[in-house]
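For reference, the chains in residue letters:
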Amino acid sequence: MDRQQFKDEYEKRGWTPIPLAERWGISKTRIHQIAVEVEQGHKKAQAYIDMLHGLPHLKIS
């Protein structure tokens, strides 16, 4: 998964970096760093992908 696919996945579920960071208890900057780490195959890449796939879909009112 590249960083754009990572971003596309959370956006497809209705998330943006700020609420995602709040949900995960990290900074907005860290969300972008995680996307890069996933792309680079960091040792925690699969855990991050699993967290991403576990996100609920947000309902847009």
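Trainee: What exactly am I supposed to notice about the overall build of the chain here?
Mentor: Secondary structure assignment for the chain yields 4 helices and 0 strands. From first element to last, N terminus to C terminus, the chain shows the α and β order α-α-α-α. The C-alpha atoms of the chain give 11 Å as radius of gyration, which agrees with the globular expectation for 61 residues (10 Å, within 12%). With respect to the three principal axes, the spread of C-alpha positions in the chain is 35 × 20 × 15 Å.

Trainee: Mind showing me how you'd approach helix α3 (residues 28-40) here?
Mentor: Counting along an α-helix, one turn takes 3.6 residues, and residues three or four places apart therefore face a common direction. The terminal C-alpha atoms of α3, which comprises 13 residues, lie 19 Å apart, in line with the 18 Å expected from a rise of 1.5 Å per residue. When α3 is considered as a whole, its buried residues turn out to be I31, I34, A35, E37 and V38. Projected down its long axis, α3 shows its buried positions confined to an angular sector of 165°, all on one face.

Rules behind the numbers
- Residues numbered from 1 in each chain as written.
- Predicted model: local features only at pLDDT ≥ 70, side-chain atom pairs only at ≥ 80, totals over all residues.
- Heavy atoms only, no water.
- Helix = DSSP H or I, 4+ residues; strand = E, 2+ residues; numbered from the N terminus.
- Rg over C-alpha atoms; globule rule 2.2 N^0.38 Å.
- Expected span 1.5 Å × (residues − 1).
- Buried < 20%, exposed > 50% of the residue type's maximum accessible area, 1.4 Å probe, protein only.
- Arc of directions from axis to C-beta.

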